[in-house]
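Close look at the chain arrangement
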Amino acid sequence: MGQQQHEHVRVAVIGSGFGGLGAAVRLRREGITDFVVLERADSVGGTWRDNSYPGCACDVPSHLYSFSFAPNPDWPRTFSGQEHIRAYLEHVTDTFRLRPHLRLKHEVLMMRWDTEALRWEIETSRGTLTADVVVSATGPLSDPKMPDVPGLADFPGKVFHSARWDHDYDLRGKRVAMIGTGASAIQIVPSIQPEVGRLTLFQRTPAWVMPRVDRKISGAERWLHRQLPITGTARRGLLWGIRELQVQAFTKRPNELGLVERIARANMHKAIKDPALRARLTPSYRIGCKRILLSSTYYPALAQPNVDVVASGLGEVRGSTLVAADGTQTEADVIIFGTGFHVTDMPIAERVVGAEGITLAEAWKDGMESLRGATAAGFPNWMTIIGPNTGLGNSSMILMIESQLNYMADYMRQLNLLGEGSALAARPSSVHAWNRRVQERMKRTVWNTGGCTSWYLDASGRNTTIWPGTTTEFRSATRHVDLSEYEVIRAAARRKPIAEAVTQDTEAVA
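Residues numbered from 1 in each chain as written. Predicted model: local features only at pLDDT ≥ 70, side-chain atom pairs only at ≥ 80, totals over all residues. Heavy atoms only, no water.

Summing up its helical and strand segments, the chain has 15 helices and 20 strands in all. Here the C-alpha radius of gyration of the chain, 25 Å, is about what a compact globule of 510 residues would show, namely 24 Å. Projected onto its principal axes, the C-alpha coordinates of the chain cover approximately 95 × 55 × 45 Å. Across the 510 residues in the chain, those meeting the buried criterion constitute 54%. At a minimum sequence separation of 6, the contacts of the chain that also span at least 24 residues come to 73%. Within the structure as shown, the chain displays about 22500 Å² of accessible surface, and the carbon and sulfur contribution to it stands at 52%. If the 60 positive side-chain charges of the chain are averaged to one point and the 53 negative ones to another, these points end up 8 Å apart. (Helix = DSSP H or I, 4+ residues; strand = E, 2+ residues; numbered from the N terminus. Rg over C-alpha atoms; globule rule 2.2 N^0.38 Å. Buried < 20%, exposed > 50% of the residue type's maximum accessible area, 1.4 Å probe, protein only. Contact = heavy atoms within 4.5 Å. Areas by Shrake-Rupley, 256 points an atom, 1.4 Å probe, with all protein chains shown as cover. Lys, Arg positive; Asp, Glu negative; His and termini not counted. Charge placed at Lys NZ, Arg CZ, Asp CG, Glu CD.)

Structural data, given as structure tokens:
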């Protein structure tokens, strides 16, 4: 490392979505104010800033999709939209006085661990700084995944990803191709169907879609939650409890999901009368294997006369002609990709260089692994929020984030007790032991046994995304840092030569 002096902070938080803002709030509540939040965009919000496509909304009830320490009594709907969630995150930023810590338009280009100084050197698009601890909260849904389709570069029309929506492009009357049938696509399709000329949905794999029981939250309800906050807490607790009870079916008894499957079939049959279309839309895998989607408008939109469903993925682009993998050809003016994100191969991992001089991506080349979803072997004083195997298939990620914030807070307490010039490095044996237990539990889950290929699985087919248990179990597992799972590292200035240490110990005994 060079001798050039840079700004130094105790903690650098990367990202300003739920994870990053939650970490910032928790640091302040722990009495730590010497931190910055590095954000590559020009505002906070994370995925709820980036995803602004028509119909964008959350599929978790609003009162459960918010921080327990920052309840919002004024959610307008039971499932609130993107604009309301983004406004909530702006409110959290102001309420907890986080703006002085924000460094907007500071994209992290590289992070390198200095083994001598025991600190991270962080290169950003606006300069370099150092930090004792890095909390990476970039999130798994931050970098869109675009498929490599032959001929796409020569398509004469408009092309964009759902997470990078072009609001200046007018879809009215256009021939639109929607690629993908995930959570974004089922919200986009019914939102744009009435205005486009023709909509062709390229469906590689059909999704299980449950009815979305969404409604306006009445003024009386909002008033009650404002005047008696305990009522909002009770509502949140009920929503949480119902989902905790569902976990057993996902993780241990997938066959019990048959009733849920029947409800999803009924949702389809109510809107889709054409037997051929119904057959194309019916999944062949167990419900829950892929993410269960919520919509009461998706199927009705697919039944409209200006919509075609191609039961195959996009295989090739020939000028303005799109050719599906099954040979079906379609003319299009615009292609919208709803093809997900880099979840099991997060690009941030290529920008983190650890104690052994290798990147996190190289360390994870055989699959992501971390200790309790937070720390990685070979990367001292580096933590991640929403790390490997912390995702959920049926509940709110905010619950998992708050559990990881508990772990982060205790991690910082342990470092403070160890004193200045100390670092904690996750032991490889501890990381491997934790992941062996997680993967053993994963074997029985619907995500591994349901007969599908999902974005939960990495390139080798290992599920490195989902947590195979309840949120209660995860909170218990991350309540405190177990120092036996870590190696304590001291800065060179604090290490005693062996001969000196022995001499001092002998004199002390004498």
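Read on for the rest.
What the rule picks out here adds up to 29 salt bridges. Among the salt bridges present, the one from Arg-77 reaches Asp-214, with a minimum N-O distance of 2.9 Å. You can see Arg-77 sitting in the loop between α2 (47-50) and α3 (82-95) and its partner Asp-214 sitting in the loop between β10 (209-210) and α5 (219-227), a full 137 residues away along the chain. For Asp-214, a relative accessible area of 26% puts it in the partly exposed group. Close ionic contact of Lys-443 with Glu-440 constitutes a salt bridge, the shortest N to O distance being 3.1 Å. Relative accessible area serves as the criterion here: at 51%, Lys-443 is assigned to the exposed category. (Salt bridge = Lys/Arg side-chain N within 4 Å of Asp/Glu carboxyl O.)

Within the fold, Leu-89 resides in helix α3. Using a relative accessible area of 0% as the deciding quantity, one classes Leu-89 as buried. Put simply, Leu-89 and Gly-17 are 72 residues apart on the chain and 7.7 Å apart in space, counted from C-alpha to C-alpha.

Turning our attention to the sheet that holds strand β16 (residues 334-337). Read across the sheet, five strands follow the order β7-β16-β8-β9-β12 without closing on themselves; strand pairing throughout is parallel. Whereas interior strands pair on both sides, the edge strands pair on one side only; in this sheet they are β7 (158-161) and β12 (307-310). Strand-to-strand twist in this sheet, taken as the mean axis angle between neighbours without regard to direction, amounts to 15°. Summarising the sheet, β7 and β16 pair through four bridges and their orientation is parallel. Note on β16: the bridge partner recorded for His-161 is Phe-337. The sheet strands contacting helix α4 (residues 185-192) are β8 (175-179), β9 (198-202) and β16, and the helix crosses β8 at an angle near 165°. (Pairing = 2+ DSSP bridges. Axes fitted to C-alpha atoms, helices over the stretch in contact; angles between N-to-C directions.)

The next thing to look at is the confidence of the model for the chain. With 96% of its residues at a pLDDT of at least 70, the chain reaches an overall mean of 94. Of the regions scoring below 50 in pLDDT, residues 495-510 engages in five contacts with residues more than four places distant in sequence or in other chains. (pLDDT = per-residue confidence, 0-100.)

So, on to the state of the cysteines. Applying the stated criterion across every chain yields a total of one disulfide. Between the sulfur of Cys-289 and that of Cys-452 lies a disulfide, 2.0 Å long from S to S. Handedness here is read from the sign of the S-S torsion; for Cys-289 and Cys-452, about -90°, the answer is left-handed. Here Cys-289, found in the loop between α8 (275-281) and β11 (293-294), pairs with Cys-452, found in the loop between α13 (446-449) and α14 (471-477); they are 163 residues apart in sequence, far enough to count as distant. Neither Cys-289 nor Cys-452 differs from the other in exposure class; each is buried. The thiol of Cys-58 is not disulfide-bonded; the next cysteine sulfur, from Cys-56, is found 8.9 Å away. (Disulfide = S-S within 2.5 Å.)

One pass over the structure, following the stated rule, counts 16 aromatic pairs. Ring geometry for Phe-379 versus Trp-382: centroids 6.4 Å apart, planes at 55°, classification tilted. Pair check on accessibility: Phe-379 and Trp-382 agree, each one buried. Arranged with centres 4.7 Å apart and planes meeting at 65°, the rings of Trp-455 and Tyr-456 form a pair that is edge-to-face. Classification of Trp-455 as partly exposed rests on a relative accessible area of 40%. (Phe/Tyr/Trp six-rings, centres within 6.5 Å; stacked < 30°, edge-to-face > 60°.)

Looking now at α4. Most of α4 sits inside the fold, with seven of its eight residues counted as buried. Among all positions of α4, only Ala-185, Ile-186, Gln-187, Ile-188, Val-189, Pro-190 and Ile-192 are buried. The secondary structure elements touched by the buried residues of α4 are β8, β9, β11, α9 (298-302) and β16.

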